[in-house]
Amino acid sequence: MLTCSDDMKILILLLNKGIDMDRKKALIIYLIGSLGQIFLVCIMVWLLRGIKVEMGYSSVAGFVAIAIGGISSAVWGTVISNKYKSKSIKNVFCDFFKVNQSIKGYLLLFTFITLDFMYIVLGGKLNISNWYIPVVLFVKAILFGGIEEIGWRYTFQPILEEKLNYILATLVTFICWGIWHLAFFYIDGTLAVLSSTEMIHFYIGLLINCFILSAIMRRTNSLWLCVMGHSLINVLSQLAVGGNQIVAYVCQVMIVIVAIVISMGASKNILKGAGKPN
């Protein structure tokens, strides 16, 4: 098992200049770093709960634990992007907030969001008590959700896709992201209150989100659109009440099909570009 000092040694080593990193090494270190960091926080939370320290969003200790665990994928995504893709922290930061994207990119995002929440339009509602609630939730979702995209869609899956096809890369990302979420839910206390049915529904939704966000990244190469999409999905999921489940299942199948078709089209464009003479 990695200790905190081992984790820090790896981070310091990678931040030293002149270290070349191949694909396999990049993927392994990203997973060891991001999952190792959040698992270490899980252990700390378990120990603190054992001595009756209050955890969760309502306590300082709990909030710190949630923050440290929650940024793990972003931290290690930034490290790997720097070493494997030669992207500086400034580059990552600029990409994170690069709202100036094409209209087609935003249309693609909102098409996926519409499909994902069509079940609410046809039989449900959004529970909004005050106009500012969605705004507050959106900002929170960027900090406690959207930031994950630095690790999973911006760094991890694109590296996977250098070797694996889109569908397989998305499924591998889903499994790893799902393990990460399980650890995060233990830290913030959600795991203790979720029923098995709710957990199954969550992971089905997570799989669909993997296809949505990976297709957006593959088609637009925009970290911001993935961050925005992730955040909107989180906000709307919190506000949604009721809805037509048959419509939800049909739309989820449609989302997967559309994502695969779009990604296949993006692959052809990449291959055409690579085949052009310099």
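Here the structure is shown first, and the text comes after it.
Cut-off values and rules
Residues numbered from 1 in each chain as written. Predicted model: local features only at pLDDT ≥ 70, side-chain atom pairs only at ≥ 80, totals over all residues. Heavy atoms only, no water. Helix = DSSP H or I, 4+ residues; strand = E, 2+ residues; numbered from the N terminus. Buried < 20%, exposed > 50% of the residue type's maximum accessible area, 1.4 Å probe, protein only. Contact = heavy atoms within 4.5 Å. Areas by Shrake-Rupley, 256 points an atom, 1.4 Å probe, with all protein chains shown as cover. Phe/Tyr/Trp six-rings, centres within 6.5 Å; stacked < 30°, edge-to-face > 60°. Lys NZ or Arg CZ within 6 Å of the ring centre and 35° of its normal. Polar contact = N/O pair within 3.5 Å; in protein donor to acceptor, adjacent residues only side chain to side chain. Expected span 1.5 Å × (residues − 1). Patch = residues over 30% accessible without salt bridge, like charges linked within 9 Å, V, L, I, M, F, W, Y side chains within 5 Å. Salt bridge = Lys/Arg side-chain N within 4 Å of Asp/Glu carboxyl O. 1 Å grid on protein atoms, 1.4 Å probe; cavity = no way out; pocket = protein on both sides within 12 Å on 5 of 7 lines; lining within 4 Å. Points joined across faces, edges and corners; volume = space filled by probe spheres on them. Nonpolar A, V, L, I, M, F, W, Y, C, P; charged D, E, K, R; others polar.

S.K.: With reference to specific residues and values, describe the overall build of the protein chain.
M.R.: Each helix and strand in the protein chain was counted, giving 14 helices and two strands. Relative to its 278 residues, the protein chain shows a buried fraction of 45%. Put simply, of all contacts in the protein chain between residues at least 6 apart along the chain, 82% involve residues at least 24 apart. When the accessible area of the protein chain is evaluated, it comes to approximately 14,700 Å², of which 69% is carbon and sulfur surface.

S.K.: If you had to explain the packing of aromatic side chains to someone new, which residues and values would you point to?
M.R.: Two aromatic rings are characterised by how far apart their centres lie and by the angle between their planes. Under the criterion given, the structure shown has 14 aromatic pairs. Plain terms: the ring middles of Tyr-166 and Phe-211 are 6.1 Å apart, the flat faces sit at 70° to each other, and that makes the pair edge-to-face. Residue Tyr-166 is found in helix α10 (residues 166-188), and its partner Phe-211 is found in helix α12 (residues 196-220); the two are separated by 45 residues along the sequence. For Tyr-166, a relative accessible area of 7% gives the class buried. Judged by relative accessible area, Phe-211 falls into the buried class, the value being 4%. Joined through ring pairs, the aromatic side chains of Phe-174, Phe-185, Phe-202 and Tyr-203 make up one cluster. Across from the ring centre of Tyr-186, 4.8 Å away, lies the NZ or CZ of Arg-49, which sits over that ring. Its guanidinium or amino end placed over the ring of Trp-177, Arg-153 lies 4.1 Å from that ring's centre, counting from NZ or CZ.

S.K.: Explain the environment of Asp-22 to me, and be specific about the residues and the numbers.
M.R.: Mapped onto the elements of the fold, Asp-22 is located in the loop between α1 (4-15) and α2 (23-50). For the pair Asp-22 and Lys-83, spaced 61 residues apart in sequence, the C-alpha separation works out to 9.4 Å. There is a polar contact of 2.8 Å between the side chain of Asp-22 and the backbone nitrogen of Lys-25.

S.K.: Kindly report on helix α13 (residues 223-239), identifying the contributing residues and their values.
M.R.: With 17 residues, α13 extends 25 Å between its outermost C-alpha atoms, agreeing within 8% with the 24 Å of an ideal straight helix rising 1.5 Å per residue. Taking burial as the measure, the 17 residues of α13 include 14 buried ones, the bulk of the element. The N-cap residue of α13 is Ser-222: its side-chain oxygen and the backbone nitrogen of Trp-224 are 3.4 Å apart.

S.K.: Got a sec to walk through a nonpolar patch on the surface? Specific residues and values, please.
M.R.: Nonpolar side chains collect at one region of the surface, where Trp-131, Tyr-132, Val-135, Val-136, Val-139 and Leu-143 lie side by side and expose about 660 Å² of accessible area between them. Mapped onto the secondary structure, Tyr-132 falls in the loop between β1 (124-126) and α8 (133-143).

S.K.: Report on unusual backbone geometry, specifying residues and quantitative values.
M.R.: A positive phi angle, close to 70°, is found at Lys-52, a residue other than glycine. With respect to the element layout, Lys-52 can be found in the loop between α2 and α3 (60-70). Under the relative-accessibility criterion, Lys-52 is labelled exposed at 77%.

S.K.: Give me helix α9 (residues 149-160): which residues, what numbers.
M.R.: Burial within α9 is extensive, with 11 of its 12 residues counted as buried. All of the buried residues in α9 are Glu-149, Ile-150, Gly-151, Trp-152, Arg-153, Tyr-154, Thr-155, Phe-156, Gln-157, Ile-159 and Leu-160. Next to the buried residues of α9 lie α2, α4 (72-84), α5 (89-96), α10, α12 and α13.

S.K.: So, the pattern of salt bridges: which residues are in play, and what are the values?
M.R.: Applying the stated criterion across every chain, the model contains three salt bridges. The shortest N-O distance in the salt bridge between Glu-162 and Arg-23 comes to 3.3 Å. Of the two residues, Glu-162 sits in the loop between α9 and α10 while Arg-23 sits in helix α2, which places them 139 residues apart along the sequence.

S.K.: If you had to explain the layout of surface pockets to someone new, which residues and values would you point to?
M.R.: In this structure, the largest pocket spans a volume of roughly 1,200 Å³. Lining the largest pocket we find 40 residues, and of these Phe-202, Ile-233, Asn-234, Ser-237 and Gln-238 sit closest to its centre. Per-element tally for the lining of the largest pocket: the top contributor is α12, with nine residues. Residues that form the lining of the largest pocket fall into these classes: 22 nonpolar, 13 polar and five charged.

S.K.: Explain the environment of Leu-40 residue by residue, including any values.
M.R.: As for its placement among the helices and strands, Leu-40 is situated in helix α2. Residue classification places Leu-40 among the buried residues on the basis of a relative accessible area of 18%. With 143 residues separating them in the primary sequence, Leu-40 and Ala-183 have C-alpha atoms 9.7 Å apart.

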